[in-house]
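Structural overview
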Amino acid sequence: MLTENYYYLGRDLKTKRKMWLKKPSWDCGWYWGFGYVQAMQGDREPSKAKDIDFHTHWDSLVRDSRNNAHDWFESRFGKCTTDLWNEKRKDNEPKCRFTDAQLWKLCELMATAYTLRDTAEVLDRGGAHYTTNPCAKVIKNTRETDRINSKVLPAIFAEIGKIFDEVDKVSEPSKPIQGAGWTKPPKK
(Lines give C-alpha, C1' and ligand atoms only; values in the text may rest on other atoms or scores of the structure.)
Protein backbone atom coordinates (compact mmCIF):
# COMPACT_ATOMS: atom_id res chain seq x y z
CA MET A 1 0.00 0.00 0.00
CA LEU A 2 1.66 3.15 -1.19
CA THR A 3 0.48 6.56 -0.08
CA GLU A 4 0.86 7.66 -3.69
CA ASN A 5 -2.06 5.36 -4.55
CA TYR A 6 -4.39 7.29 -2.24
CA TYR A 7 -5.83 10.75 -1.76
CA TYR A 8 -6.29 11.94 1.80
CA LEU A 9 -9.97 12.81 2.39
CA GLY A 10 -9.64 13.97 5.99
CA ARG A 11 -10.35 12.84 9.53
CA ASP A 12 -13.78 11.30 10.12
CA LEU A 13 -15.60 13.36 12.75
CA LYS A 14 -17.29 10.31 14.30
CA THR A 15 -14.54 7.69 14.29
CA LYS A 16 -11.60 10.17 14.45
CA ARG A 17 -9.78 8.01 11.86
CA LYS A 18 -7.93 9.32 8.82
CA MET A 19 -9.89 8.38 5.71
CA TRP A 20 -8.39 7.84 2.29
CA LEU A 21 -9.80 7.69 -1.24
CA LYS A 22 -8.00 5.04 -3.25
CA LYS A 23 -6.97 6.18 -6.71
CA PRO A 24 -8.69 4.49 -9.66
CA SER A 25 -7.28 1.37 -11.25
CA TRP A 26 -8.14 -0.59 -14.39
CA ASP A 27 -9.11 -3.95 -12.87
CA CYS A 28 -9.39 -7.45 -14.29
CA GLY A 29 -8.97 -6.03 -17.78
CA TRP A 30 -12.55 -4.83 -18.09
CA TYR A 31 -13.68 -2.25 -15.51
CA TRP A 32 -12.59 0.77 -13.49
CA GLY A 33 -12.20 0.21 -9.76
CA PHE A 34 -12.58 3.50 -7.95
CA GLY A 35 -14.36 5.32 -5.16
CA TYR A 36 -12.94 3.09 -2.43
CA VAL A 37 -12.90 4.89 0.92
CA GLN A 38 -10.51 3.30 3.39
CA ALA A 39 -8.94 3.73 6.82
CA MET A 40 -5.65 2.06 7.64
CA GLN A 41 -4.71 -0.01 10.67
CA GLY A 42 -3.24 2.10 13.42
CA ASP A 43 -4.66 5.26 11.80
CA ARG A 44 -1.47 5.43 9.74
CA GLU A 45 -0.90 6.68 6.24
CA PRO A 46 -1.15 3.86 3.67
CA SER A 47 2.61 3.41 3.12
CA LYS A 48 3.15 2.84 6.86
CA ALA A 49 0.09 0.67 7.56
CA LYS A 50 0.20 -3.11 7.62
CA ASP A 51 -3.34 -3.45 6.34
CA ILE A 52 -6.67 -1.78 5.71
CA ASP A 53 -8.88 -1.41 8.78
CA PHE A 54 -12.03 -0.14 7.06
CA HIS A 55 -13.23 -0.34 3.44
CA THR A 56 -16.37 0.97 1.81
CA HIS A 57 -17.44 2.90 -1.29
CA TRP A 58 -18.00 6.63 -1.82
CA ASP A 59 -21.34 6.07 -3.58
CA SER A 60 -22.72 3.76 -0.88
CA LEU A 61 -21.75 6.22 1.87
CA VAL A 62 -23.56 9.00 0.00
CA ARG A 63 -26.60 6.80 -0.70
CA ASP A 64 -26.83 5.56 2.89
CA SER A 65 -26.67 9.13 4.21
CA ARG A 66 -29.82 10.02 2.26
CA ASN A 67 -28.21 13.35 1.47
CA ASN A 68 -26.44 14.78 -1.53
CA ALA A 69 -22.70 14.06 -1.66
CA HIS A 70 -21.71 17.58 -0.55
CA ASP A 71 -23.86 17.47 2.58
CA TRP A 72 -22.77 13.89 3.36
CA PHE A 73 -19.11 14.92 3.09
CA GLU A 74 -19.51 17.94 5.36
CA SER A 75 -21.36 15.85 7.95
CA ARG A 76 -18.57 13.27 7.87
CA PHE A 77 -15.45 15.48 7.61
CA GLY A 78 -16.50 18.99 8.68
CA LYS A 79 -17.70 22.15 6.99
CA CYS A 80 -15.82 23.51 4.00
CA THR A 81 -13.14 26.10 4.67
CA THR A 82 -15.14 28.63 2.63
CA ASP A 83 -18.84 29.26 2.20
CA LEU A 84 -20.91 29.37 -0.97
CA TRP A 85 -19.61 32.87 -1.76
CA ASN A 86 -15.96 31.80 -1.28
CA GLU A 87 -15.70 33.69 2.00
CA LYS A 88 -13.52 32.08 4.67
CA ARG A 89 -15.65 30.51 7.40
CA LYS A 90 -15.11 32.10 10.78
CA ASP A 91 -17.20 29.78 12.94
CA ASN A 92 -15.68 27.24 15.32
CA GLU A 93 -17.18 24.18 13.64
CA PRO A 94 -14.77 21.47 12.48
CA LYS A 95 -13.47 22.10 8.96
CA CYS A 96 -12.69 19.68 6.17
CA ARG A 97 -9.77 20.20 3.80
CA PHE A 98 -11.78 21.61 0.89
CA THR A 99 -13.29 24.91 -0.11
CA ASP A 100 -16.98 24.86 -0.98
CA ALA A 101 -16.19 25.12 -4.72
CA GLN A 102 -13.63 22.29 -4.54
CA LEU A 103 -16.04 19.99 -2.75
CA TRP A 104 -18.90 20.66 -5.17
CA LYS A 105 -16.56 19.92 -8.08
CA LEU A 106 -15.30 16.72 -6.43
CA CYS A 107 -18.88 15.55 -5.82
CA GLU A 108 -19.84 16.31 -9.43
CA LEU A 109 -16.88 14.41 -10.81
CA MET A 110 -17.42 11.40 -8.54
CA ALA A 111 -21.11 11.13 -9.45
CA THR A 112 -20.32 11.52 -13.15
CA ALA A 113 -17.62 8.85 -12.98
CA TYR A 114 -19.97 6.36 -11.34
CA THR A 115 -22.69 7.06 -13.91
CA LEU A 116 -20.27 6.67 -16.81
CA ARG A 117 -18.76 3.48 -15.43
CA ASP A 118 -22.26 1.98 -15.20
CA THR A 119 -23.08 3.24 -18.70
CA ALA A 120 -19.93 1.64 -20.14
CA GLU A 121 -20.83 -1.67 -18.51
CA VAL A 122 -24.39 -1.62 -19.92
CA LEU A 123 -23.15 -0.65 -23.38
CA ASP A 124 -20.54 -3.41 -23.28
CA ARG A 125 -22.89 -6.17 -22.05
CA GLY A 126 -26.00 -5.03 -23.88
CA GLY A 127 -28.05 -4.86 -20.68
CA ALA A 128 -28.08 -4.66 -16.91
CA HIS A 129 -26.82 -8.25 -16.46
CA TYR A 130 -29.90 -9.79 -14.81
CA THR A 131 -30.55 -11.98 -17.82
CA THR A 132 -30.22 -11.73 -21.57
CA ASN A 133 -31.73 -8.42 -22.60
CA PRO A 134 -33.99 -8.74 -25.67
CA CYS A 135 -32.69 -5.32 -26.81
CA ALA A 136 -29.03 -6.25 -26.39
CA LYS A 137 -28.16 -5.75 -30.06
CA VAL A 138 -29.56 -2.23 -29.98
CA ILE A 139 -27.92 -1.41 -26.64
CA LYS A 140 -24.42 -2.72 -27.32
CA ASN A 141 -21.95 -0.10 -28.42
CA THR A 142 -18.36 -1.20 -27.93
CA ARG A 143 -17.04 1.93 -29.64
CA GLU A 144 -18.69 4.13 -27.00
CA THR A 145 -17.62 1.74 -24.24
CA ASP A 146 -14.02 2.09 -25.39
CA ARG A 147 -14.32 5.90 -25.57
CA ILE A 148 -15.75 6.14 -22.05
CA ASN A 149 -13.14 3.78 -20.58
CA SER A 150 -10.09 5.06 -22.44
CA LYS A 151 -10.77 8.81 -22.74
CA VAL A 152 -13.66 10.11 -20.67
CA LEU A 153 -13.10 8.39 -17.32
CA PRO A 154 -9.31 9.01 -17.33
CA ALA A 155 -10.05 12.71 -18.00
CA ILE A 156 -12.44 12.78 -15.04
CA PHE A 157 -9.89 11.02 -12.82
CA ALA A 158 -7.28 13.61 -13.85
CA GLU A 159 -9.64 16.43 -12.79
CA ILE A 160 -10.22 14.70 -9.44
CA GLY A 161 -6.44 14.53 -9.03
CA LYS A 162 -6.18 18.26 -9.74
CA ILE A 163 -8.55 19.01 -6.87
CA PHE A 164 -6.44 17.02 -4.40
CA ASP A 165 -3.24 18.56 -5.81
CA GLU A 166 -4.72 22.02 -5.27
CA VAL A 167 -5.76 21.19 -1.69
CA ASP A 168 -2.36 19.64 -0.93
CA LYS A 169 -0.52 22.50 -2.66
CA VAL A 170 1.79 20.15 -4.56
CA SER A 171 4.36 21.48 -6.99
CA GLU A 172 4.22 18.46 -9.32
CA PRO A 173 0.89 17.00 -10.44
CA SER A 174 0.15 13.62 -8.92
CA LYS A 175 -0.66 10.56 -10.99
CA PRO A 176 -4.45 10.26 -10.94
CA ILE A 177 -4.47 6.52 -11.73
CA GLN A 178 -2.75 3.72 -9.79
CA GLY A 179 0.27 2.08 -11.28
CA ALA A 180 3.10 3.73 -13.13
CA GLY A 181 2.65 1.44 -16.13
CA TRP A 182 -1.04 2.09 -16.66
CA THR A 183 -2.17 2.13 -20.26
CA LYS A 184 -5.53 2.70 -21.81
CA PRO A 185 -8.02 -0.14 -21.62
CA PRO A 186 -7.63 -2.46 -24.59
CA LYS A 187 -9.97 -2.03 -27.53
CA LYS A 188 -12.37 -4.92 -27.96
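The paragraphs below set out a description of the structure included in this document. (Residues numbered from 1 in each chain as written. Predicted model: local features only at pLDDT ≥ 70, side-chain atom pairs only at ≥ 80, totals over all residues. Heavy atoms only, no water.)

Topic: the packing of helix α1 (residues 58-65) against helix α2 (residues 69-77)
Rule in force here: Between N-to-C directions, angles span 0 to 180 degrees; the directions come from axes that are lines fitted to C-alpha atoms, helices contributing only their stretch in contact. Comment: elements are numbered from the N terminus, with helices defined as DSSP H or I runs of at least four residues and strands as E runs of at least two. Each angle gets one of four labels, with under 35 degrees taken as roughly parallel, over 145 as roughly antiparallel, 65 to 115 as roughly perpendicular, and the rest as oblique. Two residues form a contact once any of their heavy atoms are found within 4.5 Å. All residues other than Ala, Val, Leu, Ile, Met, Phe, Trp, Tyr, Cys, Pro, Asp, Glu, Lys and Arg, Gly among them, are scored as polar; the first ten of these are nonpolar and the last four charged.
Put simply, α1 and α2 touch, their axes get as near as 9 Å, and they point 90 degrees apart. Relative to α2, the element α1 lies roughly perpendicular. Judged by residue contacts, Trp58, Leu61, Val62 and Ser65 of α1 engage Ala69, Trp72, Phe73 and Arg76 from α2. In the contact of α1 with α2, the residues fall into six nonpolar, one polar and one charged.

What to know about the pattern of salt bridges
For the record, the criterion: A carboxyl oxygen of Asp or Glu within 4 Å of a side-chain nitrogen of Lys or Arg is what we treat as a salt bridge. Exposure is judged per residue with a 1.4 Å probe applied to protein chains only, and the accessible area is read against the type maximum: over 50% gives exposed, under 20% gives buried, and values in between give partly exposed.
Applying the stated criterion across every chain yields a total of 12 salt bridges. Of the charged contacts in the structure, one is a salt bridge between Asp53 and Arg17, with a shortest N-O distance of 2.9 Å. Here Asp53 is found in strand β6 (residues 52-57), whereas its partner Arg17 is found in the loop between β1 (6-11) and β2 (18-22), with 36 residues between them in sequence. Two residues, Arg117 and Asp118, come together in a salt bridge whose shortest N-O distance is 4.0 Å. Owing to a relative accessible area of 16%, Arg117 belongs among the buried residues under this scheme. Put simply, Glu74, Lys79 and Arg89 are held in one network by salt bridges that share partners.

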